[in-house]
Amino acid sequence: LPPPAHLCLLTLLLPLLSSAAPISPAESISQAYSLALYMQKNTSMLLQTYLQYQGSPFSDPGFSAPELQLSSLPPATAFFKTWRTLDDGERLSLAQGAFLALTQHLQLVRDDQSDLNPGSPILLAQLGTARLRAQGLLGNMATIMTALGLPMLPEEDTLGLVAFGASAFERKCRGYVVTREYGHWTDRAVRDLALLKAKYPA
Amino acid sequence: TAVISPQDPTLLIGSSLLATCSVHGDPPGATAEGLYWTLNGRRLPPELSRVLNASTLALALANLNGSRQQSGDNLVCHARDGSILAGSCLYVGLPPEKPVNISCWSKNMKDLTCRWTPGAHGETFLHTNYSLKYKLRWYGQDNTCEEYHTVGPYSCHIPKDLALFTPYEIWVEATNRLGSARSDVLTLDILDVVTTDPPPDVHVSRVGGLEDQLSVRWVSPPALKDFLFQAKYQIRYRVEDSVDWKVVDDVSNQTSCRLAGLKPGTVYFVQVRCNPFGIYGSKKAGIWSEWSHPTAASTPRSGGACEPRGGEPSSGPVRRELKQFLGWLKKHAYCSNLSFRLYDQWRAWMQKSHKTRNQDEGILPSGRRGTTRGPAR
(Lines give C-alpha, C1' and ligand atoms only; values in the text may rest on other atoms or scores of the structure.)
Protein backbone atom coordinates (compact mmCIF):
# COMPACT_ATOMS: atom_id res chain seq x y z
CA LEU A 1 0.00 0.00 0.00
CA PRO A 2 1.25 3.49 -0.70
CA PRO A 3 2.36 5.16 2.57
CA PRO A 4 -0.55 7.64 2.93
CA ALA A 5 -3.10 4.86 2.70
CA HIS A 6 -1.15 2.86 5.29
CA LEU A 7 -1.38 5.70 7.76
CA CYS A 8 -5.00 6.26 6.90
CA LEU A 9 -5.83 2.69 7.83
CA LEU A 10 -3.95 2.93 11.12
CA THR A 11 -5.68 6.11 12.19
CA LEU A 12 -9.02 4.49 11.49
CA LEU A 13 -8.18 1.43 13.49
CA LEU A 14 -6.56 3.07 16.52
CA PRO A 15 -9.69 4.60 18.06
CA LEU A 16 -11.50 1.31 17.67
CA LEU A 17 -8.66 -0.58 19.29
CA SER A 18 -8.32 1.71 22.29
CA SER A 19 -12.01 1.70 23.14
CA ALA A 20 -12.44 -2.02 22.79
CA ALA A 21 -9.27 -3.16 24.52
CA PRO A 22 -9.37 -3.13 28.32
CA ILE A 23 -6.58 -1.66 30.40
CA SER A 24 -3.76 -4.12 30.78
CA PRO A 25 -3.35 -5.96 34.09
CA ALA A 26 0.20 -4.70 34.40
CA GLU A 27 -0.91 -1.10 34.19
CA SER A 28 -3.76 -1.39 36.66
CA ILE A 29 -1.60 -3.37 39.10
CA SER A 30 1.13 -0.75 38.85
CA GLN A 31 -1.36 2.03 39.59
CA ALA A 32 -2.81 0.24 42.58
CA TYR A 33 0.67 -0.51 43.89
CA SER A 34 1.64 3.17 43.69
CA LEU A 35 -1.49 4.16 45.55
CA ALA A 36 -0.96 1.58 48.27
CA LEU A 37 2.63 2.76 48.74
CA TYR A 38 1.44 6.34 49.01
CA MET A 39 -1.23 5.38 51.55
CA GLN A 40 1.31 3.48 53.59
CA LYS A 41 3.18 6.71 54.32
CA ASN A 42 0.27 8.15 56.30
CA THR A 43 -1.26 5.20 58.10
CA SER A 44 0.83 5.44 61.26
CA MET A 45 0.14 9.17 61.48
CA LEU A 46 -3.60 8.48 61.33
CA LEU A 47 -3.32 5.97 64.14
CA GLN A 48 -1.23 8.32 66.29
CA THR A 49 -3.53 11.27 65.70
CA TYR A 50 -6.53 9.15 66.55
CA LEU A 51 -5.03 7.89 69.79
CA GLN A 52 -4.04 11.41 70.88
CA TYR A 53 -7.64 12.50 70.87
CA GLN A 54 -8.99 9.66 73.00
CA GLY A 55 -7.07 10.45 76.18
CA SER A 56 -5.05 8.16 78.34
CA PRO A 57 -4.41 5.17 78.16
CA PHE A 58 -4.91 5.41 74.35
CA SER A 59 -2.77 8.51 74.08
CA ASP A 60 0.07 7.04 76.17
CA PRO A 61 3.27 6.57 74.18
CA GLY A 62 3.56 3.05 72.79
CA PHE A 63 -0.08 2.18 73.48
CA SER A 64 -1.00 -1.23 72.10
CA ALA A 65 -4.00 -3.45 72.82
CA PRO A 66 -3.93 -6.41 70.45
CA GLU A 67 -6.69 -8.03 72.50
CA LEU A 68 -9.10 -5.46 71.05
CA GLN A 69 -10.57 -6.77 67.82
CA LEU A 70 -13.63 -6.25 65.65
CA SER A 71 -15.37 -9.27 64.25
CA SER A 72 -16.67 -7.18 61.35
CA LEU A 73 -13.12 -6.53 60.07
CA PRO A 74 -11.14 -9.36 58.46
CA PRO A 75 -7.69 -9.87 59.99
CA ALA A 76 -4.75 -8.69 57.90
CA THR A 77 -2.27 -11.22 59.17
CA ALA A 78 -2.14 -14.66 57.65
CA PHE A 79 0.26 -17.55 57.74
CA PHE A 80 3.00 -16.85 55.24
CA LYS A 81 2.60 -20.16 53.46
CA THR A 82 -1.14 -19.68 53.08
CA TRP A 83 -0.70 -16.14 51.88
CA ARG A 84 1.99 -17.05 49.39
CA THR A 85 -0.07 -19.78 47.74
CA LEU A 86 -3.28 -17.77 47.28
CA ASP A 87 -4.36 -17.55 43.68
CA ASP A 88 -4.86 -14.11 42.08
CA GLY A 89 -8.61 -14.18 42.48
CA GLU A 90 -8.53 -15.12 46.16
CA ARG A 91 -5.73 -12.69 46.90
CA LEU A 92 -7.57 -9.78 45.35
CA SER A 93 -10.99 -10.61 46.68
CA LEU A 94 -9.63 -10.89 50.24
CA ALA A 95 -8.03 -7.46 49.87
CA GLN A 96 -11.17 -6.04 48.29
CA GLY A 97 -13.33 -7.38 51.07
CA ALA A 98 -11.03 -5.83 53.64
CA PHE A 99 -10.94 -2.39 52.04
CA LEU A 100 -14.68 -2.43 51.50
CA ALA A 101 -15.11 -3.09 55.21
CA LEU A 102 -12.50 -0.43 56.00
CA THR A 103 -14.24 2.29 53.97
CA GLN A 104 -17.46 1.62 55.83
CA HIS A 105 -15.77 1.40 59.22
CA LEU A 106 -13.77 4.58 58.64
CA GLN A 107 -17.02 6.41 57.95
CA LEU A 108 -18.46 5.03 61.17
CA VAL A 109 -15.39 6.10 63.15
CA ARG A 110 -15.55 9.56 61.65
CA ASP A 111 -19.19 9.86 62.73
CA ASP A 112 -18.30 8.61 66.20
CA GLN A 113 -15.46 11.10 66.55
CA SER A 114 -17.49 14.07 65.39
CA ASP A 115 -19.67 13.25 68.38
CA LEU A 116 -16.95 12.33 70.90
CA ASN A 117 -14.48 15.00 69.84
CA PRO A 118 -16.44 17.81 68.24
CA GLY A 119 -14.16 20.63 67.23
CA SER A 120 -11.23 18.49 66.20
CA PRO A 121 -11.04 19.23 62.49
CA ILE A 122 -7.59 17.71 62.03
CA LEU A 123 -8.68 14.27 63.20
CA LEU A 124 -11.93 14.38 61.26
CA ALA A 125 -10.11 15.50 58.10
CA GLN A 126 -7.56 12.69 58.39
CA LEU A 127 -10.30 10.10 58.87
CA GLY A 128 -12.11 11.49 55.83
CA THR A 129 -8.98 11.36 53.72
CA ALA A 130 -8.20 7.80 54.79
CA ARG A 131 -11.67 6.70 53.78
CA LEU A 132 -11.33 8.35 50.38
CA ARG A 133 -7.98 6.69 49.77
CA ALA A 134 -9.33 3.29 50.79
CA GLN A 135 -12.15 3.88 48.36
CA GLY A 136 -9.66 4.75 45.65
CA LEU A 137 -7.73 1.57 46.26
CA LEU A 138 -10.98 -0.40 46.07
CA GLY A 139 -11.61 1.12 42.66
CA ASN A 140 -8.11 0.27 41.49
CA MET A 141 -8.52 -3.32 42.63
CA ALA A 142 -11.82 -3.59 40.77
CA THR A 143 -9.97 -2.49 37.63
CA ILE A 144 -7.40 -5.25 38.18
CA MET A 145 -10.16 -7.83 38.59
CA THR A 146 -11.68 -6.70 35.31
CA ALA A 147 -8.30 -6.79 33.57
CA LEU A 148 -7.74 -10.33 34.79
CA GLY A 149 -11.24 -11.36 33.82
CA LEU A 150 -12.18 -12.16 37.41
CA PRO A 151 -15.65 -11.73 38.95
CA MET A 152 -16.24 -8.59 40.97
CA LEU A 153 -17.00 -8.60 44.65
CA PRO A 154 -20.55 -7.48 45.39
CA GLU A 155 -20.80 -4.47 47.65
CA GLU A 156 -22.34 -5.38 50.94
CA ASP A 157 -22.95 -3.85 54.32
CA THR A 158 -20.12 -4.96 56.57
CA LEU A 159 -21.28 -3.03 59.62
CA GLY A 160 -24.66 -4.56 60.19
CA LEU A 161 -26.07 -3.97 63.60
CA VAL A 162 -22.66 -3.71 65.23
CA ALA A 163 -22.70 0.02 64.58
CA PHE A 164 -25.57 0.92 66.84
CA GLY A 165 -25.86 1.24 70.58
CA ALA A 166 -22.15 1.29 71.32
CA SER A 167 -21.03 3.14 74.43
CA ALA A 168 -18.48 5.95 74.28
CA PHE A 169 -15.65 3.68 75.42
CA GLU A 170 -16.63 1.00 72.93
CA ARG A 171 -16.59 3.60 70.19
CA LYS A 172 -13.12 4.79 71.23
CA CYS A 173 -11.85 1.17 71.14
CA ARG A 174 -13.54 0.56 67.82
CA GLY A 175 -11.85 3.56 66.23
CA TYR A 176 -8.49 2.33 67.49
CA VAL A 177 -9.03 -1.12 65.96
CA VAL A 178 -10.14 0.38 62.63
CA THR A 179 -7.20 2.77 62.31
CA ARG A 180 -4.83 0.01 63.40
CA GLU A 181 -6.21 -2.50 60.91
CA TYR A 182 -6.24 0.15 58.18
CA GLY A 183 -2.48 0.33 58.64
CA HIS A 184 -2.10 -3.46 58.67
CA TRP A 185 -4.20 -3.95 55.57
CA THR A 186 -2.37 -1.20 53.70
CA ASP A 187 0.92 -2.97 54.50
CA ARG A 188 -0.56 -6.21 53.27
CA ALA A 189 -1.94 -4.58 50.10
CA VAL A 190 1.56 -3.33 49.30
CA ARG A 191 2.88 -6.90 49.59
CA ASP A 192 -0.07 -8.38 47.66
CA LEU A 193 0.36 -5.90 44.83
CA ALA A 194 4.15 -6.31 44.77
CA LEU A 195 3.58 -10.02 44.23
CA LEU A 196 1.13 -9.33 41.43
CA LYS A 197 3.43 -6.74 39.92
CA ALA A 198 6.17 -9.34 39.69
CA LYS A 199 3.75 -11.82 38.17
CA TYR A 200 2.43 -9.37 35.54
CA PRO A 201 5.39 -7.27 34.54
CA ALA A 202 4.83 -4.22 32.37
CA THR B 1 -15.29 -10.41 78.26
CA ALA B 2 -16.47 -8.04 80.89
CA VAL B 3 -18.84 -5.17 81.28
CA ILE B 4 -18.59 -2.01 83.37
CA SER B 5 -21.55 -0.34 84.92
CA PRO B 6 -22.50 2.48 84.66
CA GLN B 7 -21.69 3.23 81.02
CA ASP B 8 -20.96 6.87 80.10
CA PRO B 9 -22.23 8.45 83.32
CA THR B 10 -22.44 12.23 83.58
CA LEU B 11 -21.49 13.62 86.99
CA LEU B 12 -21.11 16.94 88.77
CA ILE B 13 -17.60 17.90 89.88
CA GLY B 14 -16.98 16.68 93.43
CA SER B 15 -19.52 13.88 93.29
CA SER B 16 -18.87 10.20 94.02
CA LEU B 17 -19.20 7.16 91.82
CA LEU B 18 -19.73 3.48 92.48
CA ALA B 19 -18.78 1.29 89.52
CA THR B 20 -18.65 -2.45 88.91
CA CYS B 21 -16.76 -4.64 86.47
CA SER B 22 -18.44 -7.97 85.81
CA VAL B 23 -16.67 -10.75 83.97
CA HIS B 24 -18.44 -13.52 82.17
CA GLY B 25 -18.09 -16.02 79.40
CA ASP B 26 -14.63 -16.66 78.11
CA PRO B 27 -12.31 -17.82 79.25
CA PRO B 28 -14.67 -20.02 81.24
CA GLY B 29 -14.13 -19.79 84.92
CA ALA B 30 -12.96 -16.21 84.64
CA THR B 31 -13.11 -14.51 87.99
CA ALA B 32 -12.73 -11.09 89.46
CA GLU B 33 -9.46 -12.21 91.00
CA GLY B 34 -6.52 -10.19 89.78
CA LEU B 35 -8.58 -7.59 87.97
CA TYR B 36 -7.68 -3.94 88.51
CA TRP B 37 -8.87 -0.47 87.59
CA THR B 38 -7.18 2.42 85.82
CA LEU B 39 -8.54 5.93 85.34
CA ASN B 40 -7.02 7.89 82.44
CA GLY B 41 -4.17 5.42 82.29
CA ARG B 42 -3.29 5.58 85.98
CA ARG B 43 -3.73 2.54 88.15
CA LEU B 44 -6.13 3.23 91.03
CA PRO B 45 -5.07 2.39 94.60
CA PRO B 46 -6.31 -1.08 95.60
CA GLU B 47 -8.09 0.22 98.69
CA LEU B 48 -10.69 1.82 96.40
CA SER B 49 -11.57 -1.60 94.93
CA ARG B 50 -13.54 -4.41 96.48
CA VAL B 51 -14.45 -7.88 95.25
CA LEU B 52 -18.24 -8.06 95.46
CA ASN B 53 -18.54 -11.65 94.36
CA ALA B 54 -16.69 -14.21 92.30
CA SER B 55 -17.22 -12.37 89.05
CA THR B 56 -17.61 -8.73 90.07
CA LEU B 57 -15.07 -6.13 91.12
CA ALA B 58 -16.42 -2.87 92.56
CA LEU B 59 -14.87 0.59 92.68
CA ALA B 60 -15.64 3.60 94.87
CA LEU B 61 -14.48 6.99 93.66
CA ALA B 62 -15.07 10.19 95.61
CA ASN B 63 -14.68 13.90 94.96
CA LEU B 64 -14.22 13.59 91.23
CA ASN B 65 -12.26 16.23 89.33
CA GLY B 66 -13.44 17.75 86.07
CA SER B 67 -12.92 15.55 83.00
CA ARG B 68 -9.48 15.75 81.48
CA GLN B 69 -10.69 15.59 77.89
CA GLN B 70 -13.98 16.32 76.23
CA SER B 71 -14.31 12.76 74.98
CA GLY B 72 -14.61 11.65 78.62
CA ASP B 73 -12.30 10.18 81.25
CA ASN B 74 -11.37 6.57 80.51
CA LEU B 75 -12.22 4.21 83.39
CA VAL B 76 -10.87 0.80 82.43
CA CYS B 77 -11.13 -2.67 83.96
CA HIS B 78 -7.97 -4.70 83.26
CA ALA B 79 -7.24 -8.40 83.43
CA ARG B 80 -4.34 -9.58 85.51
CA ASP B 81 -2.03 -9.45 82.48
CA GLY B 82 -2.90 -5.78 81.84
CA SER B 83 -5.15 -6.37 78.82
CA ILE B 84 -8.27 -4.24 78.50
CA LEU B 85 -11.44 -6.09 79.47
CA ALA B 86 -13.97 -3.25 79.53
CA GLY B 87 -14.22 0.49 79.88
CA SER B 88 -16.58 3.35 80.61
CA CYS B 89 -16.22 7.05 79.80
CA LEU B 90 -16.88 9.42 82.68
CA TYR B 91 -18.14 12.92 81.99
CA VAL B 92 -17.47 15.08 85.04
CA GLY B 93 -18.08 18.79 84.93
CA LEU B 94 -20.38 21.69 85.58
CA PRO B 95 -23.55 22.90 83.93
CA PRO B 96 -23.02 25.93 81.69
CA GLU B 97 -23.24 29.45 83.04
CA LYS B 98 -25.32 32.17 81.51
CA PRO B 99 -23.52 33.55 78.46
CA VAL B 100 -22.92 37.30 78.79
CA ASN B 101 -21.83 40.40 76.87
CA ILE B 102 -23.66 39.82 73.63
CA SER B 103 -22.69 42.42 71.06
CA CYS B 104 -23.87 42.55 67.48
CA TRP B 105 -23.16 44.57 64.38
CA SER B 106 -24.51 44.73 60.85
CA LYS B 107 -22.29 45.24 57.83
CA ASN B 108 -24.03 47.73 55.52
CA MET B 109 -27.44 46.67 56.88
CA LYS B 110 -27.14 43.39 55.01
CA ASP B 111 -26.35 40.89 57.76
CA LEU B 112 -25.84 40.56 61.49
CA THR B 113 -22.83 39.18 63.33
CA CYS B 114 -22.98 38.59 67.08
CA ARG B 115 -20.35 37.78 69.64
CA TRP B 116 -20.69 36.70 73.26
CA THR B 117 -18.67 35.52 76.23
CA PRO B 118 -19.32 32.21 78.01
CA GLY B 119 -20.34 32.53 81.67
CA ALA B 120 -17.96 33.90 84.23
CA HIS B 121 -16.18 30.77 85.39
CA GLY B 122 -15.46 29.54 81.87
CA GLU B 123 -14.32 25.96 82.17
CA THR B 124 -17.18 23.49 82.39
CA PHE B 125 -14.95 20.49 81.49
CA LEU B 126 -17.72 19.26 79.25
CA HIS B 127 -18.36 20.07 75.62
CA THR B 128 -20.77 23.00 75.64
CA ASN B 129 -22.90 23.81 72.65
CA TYR B 130 -23.86 27.41 72.01
CA SER B 131 -26.88 28.40 70.00
CA LEU B 132 -27.65 31.99 69.03
CA LYS B 133 -31.36 32.63 68.73
CA TYR B 134 -33.25 35.63 67.43
CA LYS B 135 -36.78 36.73 66.75
CA LEU B 136 -38.67 39.89 65.85
CA ARG B 137 -39.86 41.44 69.04
CA TRP B 138 -43.46 41.89 68.10
CA TYR B 139 -44.24 38.59 66.42
CA GLY B 140 -42.86 35.55 64.67
CA GLN B 141 -41.12 32.45 65.83
CA ASP B 142 -37.63 31.86 67.12
CA ASN B 143 -34.88 31.55 64.56
CA THR B 144 -31.53 29.90 65.11
CA CYS B 145 -28.29 31.21 63.73
CA GLU B 146 -26.43 28.63 61.68
CA GLU B 147 -22.98 30.00 60.77
CA TYR B 148 -20.80 29.78 63.87
CA HIS B 149 -17.20 30.76 64.73
CA THR B 150 -17.02 33.51 62.10
CA VAL B 151 -15.13 35.93 64.36
CA GLY B 152 -13.80 33.74 67.13
CA PRO B 153 -15.15 30.68 68.96
CA TYR B 154 -18.19 32.44 70.45
CA SER B 155 -19.70 34.12 67.46
CA CYS B 156 -22.34 33.59 64.83
CA HIS B 157 -23.29 35.19 61.52
CA ILE B 158 -26.82 35.72 60.20
CA PRO B 159 -26.35 36.36 56.47
CA LYS B 160 -29.79 37.47 55.29
CA ASP B 161 -33.52 38.03 55.73
CA LEU B 162 -33.19 40.74 58.33
CA ALA B 163 -35.81 43.40 58.75
CA LEU B 164 -34.98 47.06 59.29
CA PHE B 165 -36.85 49.63 61.38
CA THR B 166 -38.07 46.98 63.79
CA PRO B 167 -36.54 45.59 66.98
CA TYR B 168 -35.06 42.12 67.27
CA GLU B 169 -34.63 40.06 70.41
CA ILE B 170 -31.39 38.14 70.51
CA TRP B 171 -30.08 35.64 73.05
CA VAL B 172 -27.64 32.75 73.41
CA GLU B 173 -28.40 29.30 74.78
CA ALA B 174 -25.60 27.19 76.20
CA THR B 175 -26.13 23.45 76.64
CA ASN B 176 -24.03 20.59 77.88
CA ARG B 177 -24.63 17.16 79.39
CA LEU B 178 -25.37 18.66 82.80
CA GLY B 179 -27.83 21.33 81.82
CA SER B 180 -28.39 24.54 79.96
CA ALA B 181 -28.37 28.26 80.51
CA ARG B 182 -29.75 31.17 78.61
CA SER B 183 -28.30 34.65 78.38
CA ASP B 184 -30.27 37.82 78.93
CA VAL B 185 -32.16 39.02 75.91
CA LEU B 186 -30.59 41.79 73.88
CA THR B 187 -33.02 44.01 72.01
CA LEU B 188 -31.78 45.96 69.05
CA ASP B 189 -32.72 47.53 65.76
CA ILE B 190 -30.39 46.64 62.90
CA LEU B 191 -30.11 50.31 61.99
CA ASP B 192 -28.60 51.14 65.36
CA VAL B 193 -25.63 48.79 64.94
CA VAL B 194 -24.53 49.46 61.40
CA THR B 195 -20.91 49.42 60.42
CA THR B 196 -19.36 49.67 57.02
CA ASP B 197 -16.20 49.06 55.07
CA PRO B 198 -13.19 51.25 55.66
CA PRO B 199 -12.95 54.17 53.24
CA PRO B 200 -11.38 53.02 50.00
CA ASP B 201 -8.76 54.86 48.00
CA VAL B 202 -6.98 56.62 50.85
CA HIS B 203 -4.31 58.87 49.34
CA VAL B 204 -1.74 60.73 51.33
CA SER B 205 0.30 63.35 49.59
CA ARG B 206 2.63 66.23 50.32
CA VAL B 207 1.35 69.76 50.41
CA GLY B 208 3.70 71.41 47.94
CA GLY B 209 7.00 71.91 49.65
CA LEU B 210 5.62 72.23 53.16
CA GLU B 211 7.78 70.15 55.46
CA ASP B 212 5.32 69.69 58.26
CA GLN B 213 2.12 68.82 56.48
CA LEU B 214 0.51 66.02 54.58
CA SER B 215 -2.83 65.97 52.85
CA VAL B 216 -5.11 62.96 53.29
CA ARG B 217 -7.84 62.24 50.79
CA TRP B 218 -10.34 59.37 50.69
CA VAL B 219 -13.60 58.20 49.21
CA SER B 220 -16.71 57.61 51.28
CA PRO B 221 -17.54 53.88 51.51
CA PRO B 222 -19.51 53.03 48.37
CA ALA B 223 -21.76 50.38 49.95
CA LEU B 224 -23.74 52.98 51.82
CA LYS B 225 -23.70 55.71 49.19
CA ASP B 226 -27.40 55.35 48.48
CA PHE B 227 -28.42 55.78 52.08
CA LEU B 228 -28.66 59.06 53.84
CA PHE B 229 -26.13 59.37 56.53
CA GLN B 230 -23.75 61.86 57.97
CA ALA B 231 -20.52 59.99 57.88
CA LYS B 232 -18.02 60.60 60.60
CA TYR B 233 -14.41 59.82 60.02
CA GLN B 234 -11.36 59.37 62.17
CA ILE B 235 -7.81 59.58 60.98
CA ARG B 236 -4.87 58.15 62.80
CA TYR B 237 -1.23 58.50 61.92
CA ARG B 238 2.12 57.57 63.31
CA VAL B 239 5.77 57.94 62.52
CA GLU B 240 7.18 54.88 60.79
CA ASP B 241 9.18 53.55 63.72
CA SER B 242 6.74 54.42 66.45
CA VAL B 243 3.82 52.56 67.98
CA ASP B 244 2.06 55.67 69.21
CA TRP B 245 -0.81 56.74 67.05
CA LYS B 246 -2.09 60.29 66.90
CA VAL B 247 -5.80 60.51 66.26
CA VAL B 248 -7.69 63.22 64.45
CA ASP B 249 -11.26 63.07 65.67
CA ASP B 250 -14.41 64.80 64.56
CA VAL B 251 -13.80 64.71 60.87
CA SER B 252 -17.37 65.09 59.78
CA ASN B 253 -18.77 64.63 56.35
CA GLN B 254 -15.66 65.54 54.43
CA THR B 255 -13.35 63.42 52.38
CA SER B 256 -10.08 65.20 52.90
CA CYS B 257 -8.04 66.58 55.71
CA ARG B 258 -4.70 68.18 56.24
CA LEU B 259 -2.31 66.92 58.87
CA ALA B 260 -0.08 69.59 60.30
CA GLY B 261 2.68 69.90 62.85
CA LEU B 262 4.54 66.93 61.40
CA LYS B 263 8.25 66.30 61.41
CA PRO B 264 10.02 67.03 58.15
CA GLY B 265 11.71 64.27 56.19
CA THR B 266 9.76 61.60 58.03
CA VAL B 267 7.70 58.68 56.80
CA TYR B 268 4.19 58.56 58.24
CA PHE B 269 1.61 55.78 58.18
CA VAL B 270 -1.96 56.97 57.90
CA GLN B 271 -5.27 55.14 58.31
CA VAL B 272 -8.87 56.28 58.06
CA ARG B 273 -12.06 54.74 59.38
CA CYS B 274 -15.73 55.55 59.00
CA ASN B 275 -18.79 55.62 61.24
CA PRO B 276 -22.15 55.67 59.42
CA PHE B 277 -23.63 57.98 61.99
CA GLY B 278 -27.36 58.43 62.14
CA ILE B 279 -28.17 56.15 59.26
CA TYR B 280 -31.78 56.46 58.14
CA GLY B 281 -32.42 58.81 60.97
CA SER B 282 -31.20 56.47 63.66
CA LYS B 283 -30.50 58.45 66.79
CA LYS B 284 -27.49 56.40 67.66
CA ALA B 285 -23.97 56.49 66.47
CA GLY B 286 -23.08 53.64 64.21
CA ILE B 287 -20.14 51.34 64.72
CA TRP B 288 -16.71 52.33 63.54
CA SER B 289 -15.43 50.41 60.53
CA GLU B 290 -12.06 48.73 60.50
CA TRP B 291 -9.14 51.03 59.78
CA SER B 292 -8.18 51.28 56.12
CA HIS B 293 -4.92 49.66 55.06
CA PRO B 294 -2.05 51.89 56.15
CA THR B 295 -0.98 54.37 53.52
CA ALA B 296 2.52 55.76 53.76
CA ALA B 297 3.89 59.09 52.73
CA SER B 298 6.85 61.20 53.71
CA THR B 299 7.13 64.87 54.53
CA PRO B 300 9.70 66.83 52.56
CA ARG B 301 13.16 67.06 54.07
CA SER B 302 14.29 70.55 55.16
CA GLY B 303 17.11 72.04 53.04
CA GLY B 304 16.47 69.71 50.16
CA ALA B 305 14.96 69.87 46.72
CA CYS B 306 11.63 70.84 48.23
CA GLU B 307 12.94 74.23 49.21
CA PRO B 308 10.22 76.72 48.26
CA ARG B 309 11.08 78.70 45.20
CA GLY B 310 12.35 82.04 46.33
CA GLY B 311 15.09 82.97 43.97
CA GLU B 312 17.68 84.02 46.54
CA PRO B 313 19.98 81.44 48.00
CA SER B 314 18.77 80.54 51.48
CA SER B 315 20.42 82.05 54.47
CA GLY B 316 20.17 79.20 56.91
CA PRO B 317 19.83 80.71 60.38
CA VAL B 318 17.35 83.37 59.32
CA ARG B 319 15.08 80.86 57.63
CA ARG B 320 15.25 78.48 60.57
CA GLU B 321 14.27 81.10 63.05
CA LEU B 322 11.55 82.34 60.78
CA LYS B 323 10.19 78.82 60.49
CA GLN B 324 10.09 78.46 64.24
CA PHE B 325 8.33 81.77 64.56
CA LEU B 326 5.77 80.81 61.99
CA GLY B 327 5.18 77.49 63.69
CA TRP B 328 4.67 79.23 67.00
CA LEU B 329 2.33 81.77 65.43
CA LYS B 330 0.27 79.05 63.89
CA LYS B 331 -0.17 77.29 67.22
CA HIS B 332 -0.94 80.29 69.28
CA ALA B 333 -2.70 82.56 66.87
CA TYR B 334 -5.51 81.71 64.52
CA CYS B 335 -3.57 82.53 61.42
CA SER B 336 -3.92 79.29 59.61
CA ASN B 337 -2.78 80.78 56.36
CA LEU B 338 0.69 81.51 57.60
CA SER B 339 3.23 79.47 55.86
CA PHE B 340 6.55 79.61 54.16
CA ARG B 341 4.73 79.94 50.91
CA LEU B 342 3.30 83.23 52.03
CA TYR B 343 6.74 84.40 53.21
CA ASP B 344 8.29 83.41 49.94
CA GLN B 345 5.55 85.12 48.01
CA TRP B 346 6.31 88.22 50.02
CA ARG B 347 10.01 87.90 49.24
CA ALA B 348 9.32 87.39 45.57
CA TRP B 349 7.16 90.48 45.63
CA MET B 350 9.84 92.40 47.49
CA GLN B 351 12.40 91.36 44.91
CA LYS B 352 10.21 92.50 42.07
CA SER B 353 9.53 95.82 43.72
CA HIS B 354 13.25 96.09 44.56
CA LYS B 355 14.05 95.66 40.91
CA THR B 356 11.58 98.32 39.92
CA ARG B 357 12.92 100.57 42.63
CA ASN B 358 16.39 100.00 41.27
CA GLN B 359 15.13 100.77 37.83
CA ASP B 360 13.64 103.90 39.22
CA GLU B 361 17.00 104.91 40.50
CA GLY B 362 18.53 103.92 37.26
CA ILE B 363 20.64 101.24 38.74
CA LEU B 364 20.15 98.39 36.36
CA PRO B 365 22.43 95.46 35.68
CA SER B 366 22.75 96.47 32.08
CA GLY B 367 23.11 100.06 33.06
CA ARG B 368 20.09 101.13 31.15
CA ARG B 369 18.08 104.06 32.26
CA GLY B 370 14.34 104.19 32.13
CA THR B 371 11.19 105.34 33.72
CA THR B 372 9.48 102.97 35.98
CA ARG B 373 6.47 102.53 38.07
CA GLY B 374 6.86 101.40 41.59
CA PRO B 375 6.06 102.10 45.14
CA ALA B 376 6.62 105.67 46.01
CA ARG B 377 9.54 106.17 48.25
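Before reading further, recall that the structure is shown in the block above.
Residues numbered from 1 in each chain as written. Chains lettered and ligands numbered in written order. Predicted model: local features only at pLDDT ≥ 70, side-chain atom pairs only at ≥ 80, totals over all residues. Heavy atoms only, no water.

(A) Structural context of unusual backbone geometry. With an omega of 10°, the peptide bond running from A:S56 to A:P57 counts as cis. Assignment of secondary structure puts A:P57 in the loop between α2 (25-52) and α3 (80-84). Put simply, B:S5 and B:P6 share a cis peptide bond, and its omega is 0°. Looking at the element boundaries, B:P6 is found in the loop between β1 (2-5) and β2 (10-12). Not every positive phi belongs to a glycine, and B:D8 is a case in point at roughly 50°. On the secondary structure map, B:D8 appears in the loop between β1 and β2. If you check the backbone angles, B:N108 has positive phi at about 55° while not being a glycine. As for its position among the elements, B:N108 is in the loop between β10 (100-107) and β11 (112-117). Residue B:N108 is classed as buried on the basis of its relative accessible area of 10%. (Helix = DSSP H or I, 4+ residues; strand = E, 2+ residues; numbered from the N terminus. Buried < 20%, exposed > 50% of the residue type's maximum accessible area, 1.4 Å probe, protein only.)

(B) Region of interest: the sheet that holds strand β25 (residues 267-277) of chain B. Residues and elements named next belong to chain B. Taken together, the 4 strands give an open sheet; going across it, the order is β23-β22-β25-β26, and neighbouring strands pair in antiparallel fashion. Each of the sheet's edge strands pairs with one partner strand only, and the pair in question is β23 (246-252) and β26 (295-298). When the angles between neighbouring strand axes are averaged without regard to direction, this sheet yields 25°. Here strand β22 (residues 230-239) runs beside β23; their pairing, made up of 5 bridges, is antiparallel. Looking at β23, one finds that K232 is bridged to S252. (Pairing = 2+ DSSP bridges. Axes fitted to C-alpha atoms, helices over the stretch in contact; angles between N-to-C directions.)

(C) Region of the structure containing the packing of helix α5 (residues 121-147) of chain A against helix α6 (residues 168-199) of chain A. Residue and element names in this part refer to chain A. Two numbers describe how α5 lies on α6: the axes approach to 12 Å, and their chain directions differ by 30°. Between α5 and α6, the interaxial angle falls into the category roughly parallel. Helix-helix and strand crossings are classified by hand; for α5 and α6 the assignment is left-handed. Touching L127, A130, R133, A134, L137 and I144 of α5 are T179, Y182, A189 and L193, all from α6. Taken together, the residues of the contact of α5 with α6 break down into 8 nonpolar, 1 polar and 1 charged. (Parallel < 35°, antiparallel > 145°, perpendicular 65-115°, else oblique. Left-handed = near helix turned anticlockwise from the far one by under 90°. Contact = heavy atoms within 4.5 Å. Nonpolar A, V, L, I, M, F, W, Y, C, P; charged D, E, K, R; others polar.)

(D) Highlighting the pattern of salt bridges. Scanning the model with the defined rule gives 12 salt bridges over all chains in all. Among the salt bridges present, the one from B:D184 reaches B:K98, with a minimum N-O distance of 2.8 Å. Here B:D184 is found in the loop between β17 (179-182) and β18 (186-189), whereas its partner B:K98 is found in the loop between β9 (84-93) and β10, with 86 residues between them in sequence. A salt bridge links B:K135 to B:E169; the nearest nitrogen and oxygen atoms lie 4.0 Å apart. In this pair, B:K135 sits in strand β12 (residues 129-136) while B:E169 sits in strand β16 (residues 167-176), placing the two residues 34 residues apart along the sequence. A single salt-bridge network, built from bridges that share partners, covers A:D112, A:D115, A:R171 and A:R174. (Salt bridge = Lys/Arg side-chain N within 4 Å of Asp/Glu carboxyl O.)

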